[in-house]
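Results of the structural survey
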Amino acid sequence: MTTPNLANEEGVAAGHRAPPLEDVRVLDLSRVLAGPWAGQLLADLGADVIKVERPGIGDDTRAWGPPYLKDEFGRDTGEAAYFLCANRNKRSVTIDMAHPEGQALIRRLALQADVLLENFKLGGLKQYGLDYASLAPLNPRLVYCSITGFGQTGPYAARPGYDFLIQGMGGLMSITGRAEGEEGAGPQKVGVALTDIMTGLYATIAVQAALAERERSGRGQHIDLALLDVQIACLANQASNYLAGHVIPQRMGNAHPNIVPYQDFPTADGNMILTVGNDGQFAKLCAVAGHPEWASDGRFATNPQRVANRAVLIPLLRKVTVTRSTDDWIEVLEAAGVPCGPINRLDQVFADEHVQSRAMRIEMLHPSGGKVPLVANPIRLSDSPVVYSGAPPLLGQHTDEVLSDWLEMDAPARDELRRQGVL
């Protein structure tokens, strides 16, 4: 396990360059997951990300517990684990957007920003004078990223959008779950808000592309990202299969529509996964399984033949895989060069020696006391690595600091805004 603060100090000492987005200022008006995920990724890459939250309430996910972070004495801090997953490296400012002075203050911050992230419903910020049309004339260099369920145009544009809803409407649930006729069959959502996460990733890419284009044109632009668009785009080969083959993909459980064998198999003490990607790997699997003749069988010799005859091949393989334990199979299959692996619980994931060697679990000192465990950023840059500069912030933790940094606002002015209920 690594301690990010110490790792960062060592990185600086080793001569690493400054993080790539060090000079980028991001005003993050988003909440829940898709927008905050993009904000966290930009912050990990060095951007100064200011998270604007409602006074006394904050991001909705601050209340999405239990579980909550525990302090050094094992007591709940009230900081929900959900909020912690998407908000490190940011500074939290509380501003009442419903107050005219609050709107003016956010507008002033937007004039100092390079990027603005928001995921309000269509037109939700127009009433406050904080929409792109209002801010672009004041800050022509602003990259303004809007994340909604259905986009800025189209007949569904005004509808609210949620990950679960989009997984259904966007086709993902139609291809996820057990096949028709099997016990427990039916459409199934993915076990994490995957559409939100993917939208956050697309938002990060789009923001960086817009910043790169601004270097040429000198002007920012509006980014219109819709969860539904992203979900459809990420159907990848399944969408291509439909568009090219005119056949509607069906739920297949853990099986693959284009590759066989590529699914889970029972073992003597549980289950394992086989991901046989070519005919050579299949021949090796057959040899290890004690049936080398399958590799030359006209029904199974090539992948198209195996796809056509999966209903015959899969039961044959299952009769063999149940004869050994998962660990035994993985040992012999890996030695033979056959891709395989276990189906791990999360405790097993973080206990895995490879995961530990990659330092995917990190800890950061948290202002509520103790340390907060987090999942590391998977991006590995050799010369300008990810910087872990601050744990997910307490609500309003940096209000004074940011208003002083970005707006040069003195203490009496901040006190007056607090007296008015703006902060």
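Residues numbered from 1 in each chain as written. Predicted model: local features only at pLDDT ≥ 70, side-chain atom pairs only at ≥ 80, totals over all residues. Heavy atoms only, no water.

1. Let's talk about helix H10 (residues 279–288)
Definition in use: Remark: exposure states derive from per-residue accessible area (1.4 Å probe, protein chains only) relative to the maximum for the residue type, with buried under 20%, exposed over 50%, and partly exposed in between. Numbering of helices and strands starts at the N terminus; helices are DSSP runs of H or I of at least 4 residues and strands are runs of E of at least 2. Starting at the helix axis, one direction is taken to each C-beta atom, and the arc is that of these directions. Working rule for contacts: check all heavy atoms of both residues, and any pair within 4.5 Å makes them a contact.
Those residues of H10 that fall on the buried side of the exposure criterion are Gln281, Phe282, Leu285 and Cys286. All buried residues of H10 project into a common sector of 140° when viewed along the axis, lining one side. Each element contacted by the buried residues of H10 is listed here: strand E10 (271–275), helix H11 (303–308), helix H12 (310–321) and helix H13 (326–336). Remark: Gly290 follows H10 within two positions and exhibits a positive phi of approximately 85°.

2. Section: the packing of aromatic side chains
Just so we agree on the cut-off: Only Phe, Tyr and Trp rings are paired, with Trp represented by its six-membered ring, and only when their centres lie within 6.5 Å; those with planes under 30 degrees apart are stacked, over 60 edge-to-face, the remainder tilted. Two conditions define a charge located above a ring, namely a distance within 6 Å from the ring centre to NZ of Lys or CZ of Arg, and an angle within 35 degrees of the ring normal.
Taken as a whole, this structure holds three aromatic pairs when the rule is applied. Measuring from centroid to centroid gives 5.6 Å for Tyr132 and Tyr144, while their planes differ by 65°, and the two rings are edge-to-face. Remark: Tyr144 occurs in strand E7 (residues 143–148) and Tyr132 occurs in helix H5 (residues 132–135); sequence separation between them is twelve residues. Taking relative accessible area as the criterion, Tyr132 reaches 23% and is therefore assigned partly exposed. The class for Tyr144 is buried, based on a relative accessible area of 1%. If you follow Arg159 out to its NZ or CZ, it ends over the ring of Tyr156, 3.8 Å from the centre.

3. Re the state of the cysteines
Let me state the cut-off plainly: A pair of sulfur atoms, both from cysteines and within 2.5 Å, is called a disulfide here.
Scanning the entire structure with this criterion turns up zero disulfides. In this model Cys85 remains outside any disulfide bridge; the closest cysteine sulfur is found in Cys145, 18 Å from its own. Cys340 forms no disulfide, and the closest cysteine sulfur to it belongs to Cys286, at a distance of 14 Å. For Cys340, a relative accessible area of 19% puts it in the buried group.

4. Regarding unusual backbone geometry
Here the bond from Gly65 into Pro66 is cis, since omega is 0°, no more than 30 degrees from zero. Each neighbour pair has its own omega, and for Pro66 with Pro67 the value is 5°, a cis peptide bond. As for its placement among the helices and strands, Pro67 is situated in the loop between strand E2 (48–53) and strand E3 (68–70). One non-glycine residue with positive phi stands out, namely Glu408, at about 55°. Along the polypeptide, Glu408 turns up in the loop between helix H16 (399–407) and helix H17 (411–419). The exposure class of Glu408 is exposed, given its relative accessible area of 70%.

Nothing here speaks to function; it is all geometry.
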